[in-house]
Amino acid sequence: MNDYFAVFGLPRKLQLDPEELRRRFYELSRVHHPDFHQGASEEDQAEALSASALLNRAYRVLRDPVSRVEYLIALEDGRETREGADARPRAPVDLLEEIMEVQEALQEAKAGGLDEVSRQRLSEERQRLMARQLAEEEAIAARAAEWDAVVVGPGDRTALLEWFKQRLAARAYLRTVIDDVSDALGQGEERHVSHRRH
Amino acid sequence: MSRIVGIDLGTTNSLVAYIEGGVPKVIRDVEGRALLPSIVGYTPDGILVGEPARRQLVRNPARTIYSVKRFMGRGYDDIKDELCHCPFEFLASADVVRIKVGDSAVTPPEVSAHVLRALKQRAEAFFGEPLEQAVITVPAYFNDSQRQATKDAGRIAGLDVLRIVNEPTAASLAYGLQKLAQGTIAVYDLGGGTFDISILSVKDGVFEVLATNGNTHLGGDDFDRVLVEWLLADIRETHGVDLSQDPEARQELRLGAEAAKCRLSFEDRTLLTIPFEGFTYHRELTRAEVEKLIGPLVEATLGPCRMALKDAGLTPDRIDEVVLVGGSTRVPLVRRRVQELFGKVPHSQLNPDEVVAMGAAVQAQILAGGITDMLLLDVTPLSLGIETLGGVVSVLIARNTTIPTMAKEFFTTSVDGQTAVDLHVLQGERELARDNRSLARFDLSGIDPMPAGMPKIKVTFLIDANGILQVHAREIRTGKEASIEVRPTYGLTEDEVARMVEESFAHAEEDVNARLLIETRTEADTVMTHVDRALAQGARLVSPGDLGQIQQALQALREVRDGRDRDAIRERTIELNKATERLAEAMMDAALKGALASRRADQILESK
Ligand SMILES: Nc1ncnc2c1ncn2[C@@H]1O[C@H](COP(=O)(O)OP(=O)(O)O)[C@@H](O)[C@H]1O
Ligand SMILES: [Mg+2]
């Protein structure tokens, strides 16, 4: 019942047309939004409020291809989720080497203040990490079709799920490191919030 | 459904609007003014609101409260830095800000309630029937406490606040209703005390806010403040006088600086003249000079714009239209910088002072069921989280999430037999609890004693369509609704609000009477001044009998002027008016004759 796909009357599949999702979101909002239940009974108003809250969350999660995968995995695991994860994700093995270098640069920057050279280096590292994050996201989205096929047909569901989990962990880790680098560069204020908490 | 109005409760000015024949209309006072200055004056005879309060700003600085919106939903600690700029006194208190008025203290919601009540009365006089329901706007970047404080103000004023709407969103509704803006739009709202930027997608009647950002402490007031500081320094230099500690002088300077700033929006240079005791200060100001002073403040609005764009996932070139709202967007430098950022000439067809109230009226009409094809989807401006171990915040609802929205979280006990759990809820974007805005502490109690870790309390955090938080809790094992006591960090408690509502009912009649008395006296004063002046000029034009009658009527009015009998003052004012009729006529005749005579002289000259 709480299934975000079901909220939109959609099957549990990863590929979906964003325009179509938006159209359904607007249509359902016109049904549930509290604005249209102002004169109704208290009970009806409370119902509209929670229906509309559920709808808004469902839309937020499903419209982004990566958070869609995250949600689907939680569903498969039978977890109740929420948007944030408080635990700092662990570094995936295949990223360790690259990350070490960044950490080193970060340590240096913290210890010796930020001179032009280390600023330059951190800035470049950040650029690289961001490209890497984007690549991870694209890789995740690219296998959406595979999942949709596996769900209805033959194929190794568990292996694919496991792969998704690893890639999501890698991406989450990249985001925290990017945040740390941005903070060190003093651009944390502009960004205003750490991604890791989203 | 009964009538619902839209109210823009501004830092500087407030106004009320409604929908007539599908079009938003602003309700004016008897003198035709739409804007009600958000100023409340406390006098021994009662409370003044709006223009009369504005007139006593300089005379009675300590008891004339302006820009109170800056203090809504805030704590004493938040505003310590500003205290020296304010001519009124604050009481150091841990929770809400309290302003000293004589021997007592008032809170910002109570002050705002006076402004709201004046607008309510204005609307009631206009409609000829009681008004109970309203939509009130707030800056989009207002946090939970500031929104709650606004709602409290409405309640104290005897209004049922059906919805709190974000100001830039309201503006977009007004533009959208008239099909003046479509596509992806940016609304830049710089008023007296606050700054908001909102990015919306407007499509098929759906107004979806994509992201919002801002600063609830940045506006035209701050422009005035840097100007005043500069002028004070200039006066020190040129006249060797330090006026910085003189509240009356400061107030004079503030008003002079504001007026000069406004003139400089249309002229390149302007002359500031302020008479002080012992000297008159003259200073020519150029637009370039003022732009240099306010430049950093204008720059400070651009960061939030970039952040909103980023959160919306857009680059400036993806914005189709830019809409300007708020009096401070008349400053040419502001327009220039906004235009540069978005690469587009901004719109301002709708009056920037009135557009927010008009949009609030549109939202009111949607709630009343009178508009069904428009749908507004707004967002919460700040992330909501709870404090966890080590003072770190765990975010439950991210900023720019469409509202209403909810998040569920499980909590348990850490000690055997523990029957209560304490939650600290915060708003903001920083990692540590202490750097964020504390909203409230929730005490969940009535948990059955169990071993530690056994109870499973499901807490639902719900942000409603007003952007205001509601919290519910349930113990899963027993299914029992846990009771929650809310202790707002910077807000009035339910009991306090209830008491204020009661008091305001009790005082409502008293307040109205006091105001009417003051107005009647003002009217009497005006007539007496006119008569004095007329006598000085034209006493010789009327008979001694008439003159005696005028003197008598004047004396009679003087006797009752300071009393509390309003009817007596009014009657004698009317009598004085009547007694001077012949004098007025005679003077008119004389003036006419004078005019005729000079005309004749002209003709004679011409015909020569
Ligand atoms: N012509 C103008 N030039 C510059 N500033 C102006 C002008 N007209 C009004 N303002 C400023 O706009 C602010 C009030 O704007 P308004 O939108 O009414 O504010 P609020 O919504 O905060 O009540 C004041 O600071 C005022 O000085
Ligand atoms: Mg405003």
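Presented here is a report on the structure given in the accompanying data block. (Residues numbered from 1 in each chain as written. Chains lettered and ligands numbered in written order. Predicted model: local features only at pLDDT ≥ 70, side-chain atom pairs only at ≥ 80, totals over all residues. Heavy atoms only, no water.)

1. Some words on the pattern of salt bridges
Convention followed: The working definition used for a salt bridge is a side-chain nitrogen of Lys or Arg within 4 Å of a carboxyl oxygen of Asp or Glu. Numbered from the N terminus, helices here are DSSP runs of H or I no shorter than four residues, and strands are runs of E no shorter than two. Buried residues are those whose accessible area, probed at 1.4 Å on protein chains only, stays under 20% of the maximum for their type, while exposed residues exceed 50% and partly exposed ones sit between those limits.
This structure, assessed with the given rule, holds 47 salt bridges over all chains. With its nearest N and O atoms 2.8 Å apart, the salt bridge here joins Arg23 of chain A to Glu27 of chain A. Remark: Glu27 of chain A and Arg23 of chain A occur in helix 2 (residues 18-32); sequence separation between them is 4 residues, near one turn of the helix. Judged by its relative accessible area of 42%, Arg23 of chain A falls in the partly exposed class. A residue is classified by how much of its surface remains accessible, and Glu27 of chain A, at 47% relative accessible area, is partly exposed. Arg225 of chain B is the salt-bridge partner of Asp222 of chain B, the closest N and O atoms lying 3.6 Å from each other. Of this pair, Asp222 of chain B and Arg225 of chain B both sit in helix 6 (residues 220-239), 3 residues apart, which is roughly one turn of that helix. On the basis of relative accessibility, which here comes to 8%, the residue Asp222 of chain B falls in the buried class. A network of salt bridges, in which partner residues are shared, links Glu19 and Arg22 of chain A together with Lys203 and Glu208 of chain B.

2. Let's talk about the interface of chain B and chain A
This is how the line gets drawn: Contacts: residue pairs with any heavy atoms within 4.5 Å of one another. Buried area is calculated as the accessible area (1.4 Å probe) missing from two parts once they are joined, with the contributions of both summed. Counted as a polar contact is a pair of N or O atoms within 3.5 Å, where, for protein atoms, one must be capable of donating a hydrogen and the other of accepting one, and residues adjacent in sequence contribute only when both atoms are in side chains. Gly is placed with the polar residues, together with every amino acid not listed as nonpolar (Ala, Val, Leu, Ile, Met, Phe, Trp, Tyr, Cys and Pro) or charged (Asp, Glu, Lys and Arg).
The interface is formed by 47 residues belonging to chain B together with 36 residues belonging to chain A. Roughly 3,600 Å² is buried in total at the junction of chain B and chain A, and carbon and sulfur atoms are behind 50% of that figure. For the pair chain B and chain A, the interface holds 3 salt bridges. One salt bridge in this structure joins Asp35 of chain A and Arg163 of chain B, with 2.4 Å as the shortest N-O distance. Our count for the contact surface shared by chain B and chain A stands at 12 residue pairs in polar contact (both at pLDDT 80 or more). Here the side of chain B that touches chain A is built from residues that sort into 22 nonpolar, 12 polar and 13 charged.

3. Notes on the pairing of strand 2 (residues 13-20) of chain B
Both faces of the sheet carry side chains from a regular strand, because those side chains alternate between them. Residue and element names in this part refer to chain B. In plain terms, the rule: Two strands make a pair as long as DSSP finds a minimum of two bridges between them.
In terms of residue burial, strand 2 counts as a mostly covered element, since 6 of its 8 residues are buried. Note: strand 1 (residues 4-9) against strand 2, 4 bridges, orientation antiparallel. Its bridge partner being in strand 2, Leu9 is matched across the sheet by Ser14. The loop that links strand 1 with its antiparallel partner strand 2 comprises 3 residues. Strand direction decides the pairing type here: strand 2 and strand 4 (residues 36-37), joined by 2 bridges, are antiparallel. Along strand 4, the bridge assignment pairs Asn13 with Pro37. Judged from the 4 bridges that link them, strand 2 and strand 3 (residues 23-26) form a sheet pairing that is antiparallel.

4. Quick look at the site of ligand 1
Residue and element names in this part refer to chain B. Selection rule: Nearness is defined per residue: one heavy atom within 4 Å of the molecule or strand is enough. Note that accessible areas follow from Shrake-Rupley with a 1.4 Å probe, and for residues the cover is restricted to the protein chains shown. Delimitation of the domains relies on an automatic or database domain assignment.
With respect to spatial proximity, 19 residues lie near ligand 1, and among them Thr12, Gly192, Glu258, Lys261 and Ser265 are the closest. Contact distances for ligand 1 include 3.1 Å between an oxygen atom and a backbone N or O atom of Thr11. Between ligand 1 and Arg330, the relevant distance is 3.3 Å, taken from a nitrogen atom to a side-chain nitrogen or oxygen of the residue. In isolation ligand 1 has 580 Å² of accessible area, and contact with the protein removes 91% of it. When contributions to the shell around ligand 1 are tallied by element, the ones reaching two or more residues are helix 6 and helix 7 (247-263). For the shell around ligand 1, the element with the most residues is helix 7, which contributes 3 residues. In terms of domain composition, the shell around ligand 1 takes at least three residues from each of domain 1 (4-218 + 300-377) and domain 2 (220-298).

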